[in-house]
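Structural description and commentary
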Amino acid sequence: GENVEQHPSTLSVQEGDSAVIKCTYSDSASNYFPWYKQELGKRPQLIIDIRSNVGEKKDQRIAVTLNKTAKHFSLHITETQPEDSAVYFCAASRGDYKLSFGAGTTVTVRA
Amino acid sequence: GAVVSQHPSWVICKSGTSVKIECRSLDFQATTMFWYRQFPKQSLMLMATSNEGSKATYEQGVEKDKFLINHASLTLSTLTVTSAHPEDSSFYICSAIRAGGATDTQYFGPGTRLTVL
């Protein structure tokens, strides 16, 4: 099955700085890569996603890049704010709707 | 749109009893729903795929006789944890995919916190 690795496990940044989270996947058939933000005790919320026919996607302060050859994708958050503090999960799917999640990254934005 | 609810939001039960958790898509029909389990400070682990009108598909290592899944309608899937034990204590989250939707985006429920004493 698909194996998704996510780094780093924790990330502390100064407010206003950028945060980058990286994920690698093992199954070359994977074609859908969403990113979720989860606050403590809450449901995961989709913040951005990318499909294998696109190399980069941006939505305001959030961007995702995908390198199919290397089988890795990254989340970039610019101008971080305290409300960006949460656990972020990457995931991969091969088109059968089943998501394989990374282990998560705890992001702390220091005011 | 695309709201998914779960009931109950939390439940405490005694060891050996069974607990039923409901997952509903409130404003759309969902032919496929998923059940995940999340232990503290860990990731979401897919337990099973629930398809309306057919048997659920379980992931490797998940006991189908212990975690009973019923997807009786296009808006409701239930997970029953039978003979619950303390090690079953976890955060159970469902998700749903909109039937006939243009994307395969999964919409997550708010989760159910199960504590088995």
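Scroll up to find the structure this text is about.
Since the structure is predicted, the reported quantities are computational estimates derived from the model, not experimental observations.

Both faces of the sheet carry side chains from a regular strand, because those side chains alternate between them. Residues and elements named next belong to chain B. Most of strand E8 (residues 76-81) is tucked away: six of the six residues are buried. Residues Leu76, Thr78 and Thr80 point to one face of E8 and Ser77, Leu79 and Val81 to the other, with burial holding for every one of them. Two strands pair when backbone bridges link them, and strand E3 (residues 19-25) and E8 are joined in this way by six bridges, in the antiparallel orientation. Bridging across to E8, Arg24 finds its partner in Leu76. Hairpin connection of strand E7 (residues 67-73) to E8: two residues between the antiparallel strands.

Turning our attention to the pattern of salt bridges. Using the criterion set out here, one finds seven salt bridges over all chains in the structure. A salt bridge links Lys98 of chain A to Glu59 of chain B; its shortest N-O distance comes to 2.8 Å. With Lys98 of chain A in the loop between strand E9 (86-92) and strand E10 (100-101) and Glu59 of chain B in the loop between strand E6 (57-58) and E7, this residue pair bridges two chains. For Lys98 of chain A, a relative accessible area of 27% gives the class partly exposed. Note on Glu59 of chain B: relative accessible area 22%, which makes it partly exposed. Of the charged contacts in the structure, one is a salt bridge between Lys64 of chain B and Asp65 of chain B, with a shortest N-O distance of 3.9 Å.

So, on to the state of the cysteines. For the structure on display, the rule yields two disulfides over all chains. Disulfide partner of Cys23 of chain A: Cys90 of chain A, at an S-S distance of 2.0 Å. Every disulfide takes its handedness from the sign of the S-S torsion; for Cys23 of chain A and Cys90 of chain A that torsion is -100°, giving left-handed. With Cys23 of chain A in strand E3 (residues 19-25) and Cys90 of chain A in strand E9, this residue pair connects regions lying 67 residues apart in the sequence. A residue is classified by how much of its surface remains accessible, and Cys23 of chain A, at 1% relative accessible area, is buried. Linked covalently through their sulfurs, Cys23 of chain B and Cys94 of chain B form a disulfide whose S-S length is 2.0 Å. The sign of the S-S torsion, about 80°, decides the handedness of the disulfide formed by Cys23 of chain B and Cys94 of chain B: right-handed. With Cys23 of chain B in strand E3 and Cys94 of chain B in strand E9 (residues 90-97), the pair connects residues that are 71 residues apart, well separated along the chain.

The next point concerns the layout of surface pockets. Considering only enclosed or pocket space, the largest pocket measures out at about 640 Å³ in volume. Around the largest pocket sit 26 residues that line it, and Glu2, Leu99 and Ser100 of chain A together with Met45 and Glu59 of chain B are the ones nearest its centre. At the level of secondary structure, the elements contributing two or more residues to the lining of the largest pocket comprise E10 of chain A together with strand E5 (45-51) of chain B. For the lining of the largest pocket, the leading source of residues is E5 of chain B, giving three residues. In the lining of the largest pocket, the residues fall into eleven nonpolar, eight polar and seven charged. The calculated volume of the second largest pocket comes to roughly 450 Å³. If you list the elements that add at least two residues to the lining of the second largest pocket, you get E9 and strand E11 (105-110) of chain A. Counting residues per element, the lining of the second largest pocket draws most heavily on E9 of chain A, which supplies three residues.

Residues and elements named next belong to chain B. Sheet architecture is open: four strands sit in the order E1-E3-E8-E7, paired in antiparallel fashion. Strands at the two margins of the open sheet, each flanked by one partner only, are strand E1 (4-7) and E7. When the angles between neighbouring strand axes are averaged without regard to direction, this sheet yields 15°. Sheet analysis places E7 next to E8, joined by five bridges and oriented antiparallel. Residue Ile69 lies in a different strand from E8, and its bridge partner there is Leu79.

Rules of the game
Residues numbered from 1 in each chain as written. Chains lettered and ligands numbered in written order. Predicted model: local features only at pLDDT ≥ 70, side-chain atom pairs only at ≥ 80, totals over all residues. Heavy atoms only, no water. Buried < 20%, exposed > 50% of the residue type's maximum accessible area, 1.4 Å probe, protein only. Helix = DSSP H or I, 4+ residues; strand = E, 2+ residues; numbered from the N terminus. Pairing = 2+ DSSP bridges. Salt bridge = Lys/Arg side-chain N within 4 Å of Asp/Glu carboxyl O. Disulfide = S-S within 2.5 Å. 1 Å grid on protein atoms, 1.4 Å probe; cavity = no way out; pocket = protein on both sides within 12 Å on 5 of 7 lines; lining within 4 Å. Points joined across faces, edges and corners; volume = space filled by probe spheres on them. Nonpolar A, V, L, I, M, F, W, Y, C, P; charged D, E, K, R; others polar. Axes fitted to C-alpha atoms, helices over the stretch in contact; angles between N-to-C directions.

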